[in-house]
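Tertiary structure, described
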Amino acid sequence: MQIKNKFIFLFIGLQLLLFQKIIAQSYYFRNYSAEDGLPFVYVSTIFQDDKGNLWSGGYGGLSKFDGHSFTNYSPEDGLLNHSVTCINQDNKGNLWIGTINGVNKFDGKKFTDYTSKNGLISDSISACIKDKGGNIWFGTNKGISKLTGGTFINFSTKDGMISNNVKCLYVDVSGKIWIGTDMGITVFDGNSFTNYLLADGLPNNSINGITQDRQQNIWIATAAGLCKYANNKFTTLAQQQGLMDVDIRTVITDYKNRVWLGTSTGLISYYDNRFQKYPIKLGPNSNIINCLFEDFENNIWLGTKAGLFKYRGTPFISYGPKDGLSYGFMTSVMRDSKDTLWAGSQEGLLYKFVKDTFVFYGSNNGLKAKIIRNIYEYSPDSLWLATDQGLTIFNRKKFIKKVDTTNVFTKSINCFYKDSKNNIWIGGKECIYKYDGHHFTSYTFKTKSKNFITACFVEDTTGVLWIGTYLGGLIKYDGNTFVECSEKLGLKSDSFLQALVDSEGNLYFGTLDGLWMMNPYNSKIKPTRFTQADGMSSDLIYSLTFGKTQNEMWIGTNQGVNKLNLAEFKKIGQKKIIPFGKQEGFLGVECNEGHFLEKDGSIWFTTVKGLIKYDPKGYIENKTEARISITDFFLSYTDTLLLNNAHLKYNDNNITFAYSGICLTNPDKVLYSYILEGFQKDWSLPSKERSVTYFNLPPGSYTFNVISSNNEGIWNKVPATYSFTIDQPFWKTWLFIISSASFILIAAIFSTLYRIRQIKIREKNKTELNKKIANIESQALRAQMNPHFIFNTLSSIQHYISNNDTNAALKYLSKFAKLMRRIMDNSKQQMIPVAEEINALNLYLELEVMRFENKFQYSIIVDATVDQNYDRIPSMLIQPYVENAIIHGLLPKKESGKITITLHRQGDTILCIIEDNGIGRKKAEEFKKNRVQQHKSMGMSITQERLDVLNSSLNSNLYVEITDIYINGNTAGTKVQLVIPIEVDDN
């Protein structure tokens, strides 16, 4: 059984070795395809305009990419055909798009057509370039056309070209036009054509691409290899020189003078006389490269049959299951003194890196572990493994598990550390171990949590050992005692997973709350925390290592790695952090604790998806500013096209600016800052927002400025600007103000004159009204003191005296005197209390009852809602109606009559009801006609006139209503309803 297992293991190992020779480590290519908004997967051409937008064309039309989204154009928008073959830009910013049906000019808003009808030599366009003079050249299947001054000048074999079937065009540094055809190369110097064929040294007549390097060597892509033209000589580089694929479809040179080849099997570079292949492991179509382009930021763009791909160097090289790591979750990595790289996984496998391939050791080799958390080279022939099953020793032949007085060989352990005294410290679960070269000693100590795990060690410059734990806090060991001191030091965390110390004595701790930097022996250096708010990709820190020098630190998190510029921070206090994630090729994304720094500055990281190696030579720093521009201008959320320095109406003051800083290296890291001069004093805080809205801007002149930073924090030196003016409303202009002031002045004068006139009229009317009131009140007084009443009253008194009825005469005379005094007193006031009016009315009725010898009875009822002492009414108002009821209603009646007077309050008025059971108004009218009147009563007419005057002077609604009372259809008396406004006496 063991022999069988060994053969199986050997067979698997051999298969892996053979497989590894076929494949290589993974390079990162960012893919953009239909899922991202690209309208086609077959990309024929790529171009970048002066604003930084990346344009691509293919079998699905034209597409613009600003780093965030694709804007697509088709024949519905004005394109001549869906099949776009080439793109370029003239000096005025217009795009020229070649299709198989002619050429389109695009000014950003509309497409203009140019075909053979306009002078093109052919409508089937294959290539286009711009020469030194700004002229646009088009290659077709019938020759070439030069567009100059709006006119096409055509060239073909008749003019000396080697072939009319043009496949590519290129302008060299001297201004010559290189024309690649299906029959060789034609060079046009502005006057004549020079042709090159197979006989001149070309490896193949089919020319697919042409470029030039810094040494002015011409590189030619052919179907039979790469050809170099230098010193008037063609040199072919093919398989004999190491070229992996001779069918070269396109060629460019980059900023480092490297030559890049697009083939039908992938991307190839040529540099330092060496070819290197970069396979794109997305699918077979992704390796069929149709075109290559280098943008402003030195990214290489690949147009393939599987969409667009972006390649930016090889700073991160990924190793995963396809590279021999059968289990992707890697936990530890190190290189030993024999220059062998070792790695451990969560599956309990130990990997050895040999000749760019990984082979593993597992349970079949005697390794009894489920997890290998750390690897330490104790001696050239002994590797120590920290596993979940305890310490395991590998002597490069077999795995050894010893037994001693401690449980270091059986209990789960995590990490190793060698101090300055050559002691080896081992971190385990809920304890630590020290190996002095002879014996293992275990230690326990008090922590924040009993269930802690030792995660790391670091010795500072004074010899103090710092022990980081998971959940247990930070332990300080001075050689005698262990003390948990995280809170005392101001480090707000309970988990310290990684630790470093620099040459200046500064300590660094990676926690689940960010990176802490401190110096316990320098009070001037306060504990500093670096977090996601400072630019890190995450606060969950799993690994820490310096770079090649201590000027930089690499911080591994659950969201990629981060490079911290320590030199910059120590110098000026700036926290400059560059995060690297999937966009930058760090495909593993989530780091684990394992890491290893190579002598050349390369760093190995363990991740949940394999090993990733950082190669500083492959890192391309982006020193190019993002291309900032203001893309849209909105008035009240309506897209508006306005020229700079536009004048806006006063109510066009809700304005939105949309802007874009194009950084194709990593668009997600672009930040923006803006200021509206004339409205804001300071620039805004950096943010990722790509628009800003200003509401209710006051009239004035403004300039909007916006800048952007690229993925590495480089800001634009010159902002994008837009100036505009919001005009004053017409009512705030000087003409309107002067006109309005003049109008107001004239109006004020006329208003004053009119006011004076009105006051005079009102005073005149008031005087006349007062006279009328006085006259009416005088008449009312005379009505109440009419001679007939006085004569009859005095006759009654005389009658009582003649009959020797002295008591009756005195009583009558007393009441008469009181009534006269009341009438005289009340006539002096326009408004009197209700009680005064009732008293006068009582005296009057008592006299009338005595005078007419009990001809009638009366009753006066005042409702409780009426405050007789405080509610005031016009004087001498009720009596005339009572007198009228007695004289015309009750006296003509044969029987004894009755009169009832009722007062009750209704809101701000008093309703006075006077009811009598007399003969009624109709009979009273007949009675007056049949008798000679001795006295004509003027009380009613005077009272009505008085009511009118009072309503005018008091601005009231005093009115009277007189109705007849009927019982069974017969007249039964008269009812008077008098509504009297009241005035409350506040005194």
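We now turn to the structure provided with this report. (Residues numbered from 1 in each chain as written. Predicted model: local features only at pLDDT ≥ 70, side-chain atom pairs only at ≥ 80, totals over all residues. Heavy atoms only, no water.)

With respect to the nonpolar core
Soluble, globular proteins show a tendency: their nonpolar side chains are buried together. Counting 36 residues, the largest nonpolar core has Ile878, Val882 and Ile914 as its most contacted members. Counting only elements with at least two residues in this core, the list comes to helix H5 (806–826), helix H6 (834–851), helix H7 (879–890), strand E68 (897–906), strand E69 (909–916) and strand E71 (970–981). Broken down by element, the residue count for this core peaks at nine residues, all from H6. For Ile878, the contacting residues outside a window of four places in its chain are Glu837, Leu841, Ile873, Leu903, Cys912, Ile914, Leu978 and Ile980. (Core = buried A, V, L, I, M, F, W, Y, C linked by side-chain atoms within 4.5 Å. Buried < 20%, exposed > 50% of the residue type's maximum accessible area, 1.4 Å probe, protein only. Helix = DSSP H or I, 4+ residues; strand = E, 2+ residues; numbered from the N terminus. Contact = heavy atoms within 4.5 Å.)

Concerning the packing of H5 against H6
Following both chains from N to C, one finds H5 and H6 inclined at 145 degrees, their axes separated by 9 Å at the closest point. As H5 runs across H6, the sense of the crossing is left-handed. Listed contacts from H6 to Ala808, Tyr812, Lys815, Phe816, Lys818, Leu819, Arg822 and Asn826 of H5 are Glu836, Asn839, Ala840, Leu843, Tyr844, Glu846, Leu847, Met850 and Arg851. (Axes fitted to C-alpha atoms, helices over the stretch in contact; angles between N-to-C directions. Left-handed = near helix turned anticlockwise from the far one by under 90°.)

Digging into a nonpolar patch on the surface
A cluster of nonpolar residues, Tyr650, Phe730, Trp731, Trp734, Phe736, Ile737 and Ile738, forms a patch on the protein surface that exposes about 760 Å² of accessible area. Relative to the elements of secondary structure, Trp734 occurs in helix H3 (residues 734–784). Classification of Trp734 by relative accessible area gives exposed; the value is 67%. (Patch = residues over 30% accessible without salt bridge, like charges linked within 9 Å, V, L, I, M, F, W, Y side chains within 5 Å. Areas by Shrake-Rupley, 256 points an atom, 1.4 Å probe, with all protein chains shown as cover. Salt bridge = Lys/Arg side-chain N within 4 Å of Asp/Glu carboxyl O.)

Focus: the pattern of salt bridges
Tallied over the entire structure, the rule returns 19 salt bridges. For Asp254, the salt bridge goes to Arg258, with nearest N and O atoms at 2.7 Å. Neither Asp254 nor Arg258 differs from the other in exposure class; each is buried. When salt bridges that share partners are traced, they join Arg335, Asp339 and Glu598 into one network.

Brief notes about the packing of aromatic side chains
Scanning the model with the defined rule gives 90 aromatic pairs in all. Relative to Tyr443, the ring of Trp425 lies with its centre 5.8 Å away and its plane at 35 degrees, an arrangement referred to as tilted. Residue Trp425 is found in strand E39 (residues 424–428), and its partner Tyr443 is found in strand E41 (residues 440–443); the two are separated by 18 residues along the sequence. Summarising the aromatic geometry, the rings of Phe633 and Phe724 are spaced 6.3 Å apart at their centres and angled 70 degrees between planes, so their arrangement reads as edge-to-face. With Phe633 in strand E57 (residues 627–635) and Phe724 in strand E64 (residues 720–726), the pair connects residues that are 91 residues apart, well separated along the chain. There is no split in this pair, since Phe633 and Phe724 are both buried. (Phe/Tyr/Trp six-rings, centres within 6.5 Å; stacked < 30°, edge-to-face > 60°.)

With respect to empty space enclosed by the protein
Gaps left between atoms are located by rolling a probe of water-molecule size over the structure's atoms. Using the criterion set out here, one finds five cavities of 30 Å³ or more in the structure. Estimated volume of the largest cavity: approximately 250 Å³. For the largest cavity, the lining is made up of 24 residues, of which Arg312, Pro315, Gln583, Glu584 and Thr665 are closest to its centre. Mapped by element, the contributors of at least two residues to the lining of the largest cavity are strand E28 (307–311) and strand E53 (577–580). Of the residues forming the lining of the largest cavity, the biggest block, three residues, is contributed by E53. (1 Å grid on protein atoms, 1.4 Å probe; cavity = no way out; pocket = protein on both sides within 12 Å on 5 of 7 lines; lining within 4 Å. Points joined across faces, edges and corners; volume = space filled by probe spheres on them.)

Topic: the sheet that holds strand E5 (residues 70–73)
Ordered in space as E2-E3-E4-E5, the four strands form an open sheet in which the pairing is antiparallel. Edge strands, defined here as strands with exactly one partner in the open sheet, are strand E2 (43–48) and E5. Put simply, the sheet's adjacent strands are angled 20 degrees from each other on average, direction ignored. Pairing of strand E3 (residues 54–58) with strand E4 (residues 61–65), which is carried by five bridges, proceeds in the antiparallel orientation. (Pairing = 2+ DSSP bridges.)

Considerations on H5
Since one α-helical turn is 3.6 residues long, residues separated by three or four positions face the same way. Counted at 1.5 Å a residue, the expected span for H5 with its 21 residues is 30 Å, and the 30 Å between its end C-alpha atoms agrees. Among all positions in H5, only Ala808, Ala809, Tyr812, Lys815, Phe816, Leu819, Met820, Ile823 and Asn826 are buried. For H5, the angular spread of the buried residues around the axis is 140 degrees, confining them to a single face. In H5, the exposed residues that point more than 90 degrees away from the buried face are Asn807 and Leu810. (Expected span 1.5 Å × (residues − 1). Arc of directions from axis to C-beta.)

Structural notes on the environment of Asn522
Turning to its location among the elements, Asn522 is positioned in the loop between strand E48 (514–518) and strand E49 (528–530). It is 9.0 Å that separates the C-alpha atoms of Asn522 and Gly505, two residues lying 17 residues apart in sequence. Among the polar contacts listed, one links the side chain of Asn522 to the backbone nitrogen of Lys524, at a separation of 3.0 Å. (Polar contact = N/O pair within 3.5 Å; in protein donor to acceptor, adjacent residues only side chain to side chain.)

Some words on the sheet that holds strand E40 (residues 432–435)
Taken together, four strands build an open sheet; the order of strands is E38-E39-E40-E41 and the sheet is antiparallel. The sheet is open, and its two borders are formed by strand E38 (413–418) and E41, each paired with just one other strand. Ignoring which end each strand starts from, the neighbouring axes of this sheet average 20 degrees apart. In the sheet, E39 pairs with E40 via four bridges, with the strands oriented antiparallel.

Here we look at H6
The end-to-end C-alpha distance of H6 is 26 Å, a good match for the 26 Å that 18 residues give at a rise of 1.5 Å each. Here H6 lies mainly inside the structure; 14 of its 18 residues are buried.

Regarding unusual backbone geometry
Positive phi values are uncommon outside glycine, yet Tyr637 reaches one of about 65 degrees. Along the chain, Tyr637 falls in the loop between E57 and strand E58 (638–639). Residue class for Tyr637 comes out exposed when judged on its relative accessible area of 58%. One non-glycine residue, Glu853, lies in positive phi territory at about 50 degrees. If you trace the backbone, Glu853 turns up in the loop between H6 and strand E66 (856–862).

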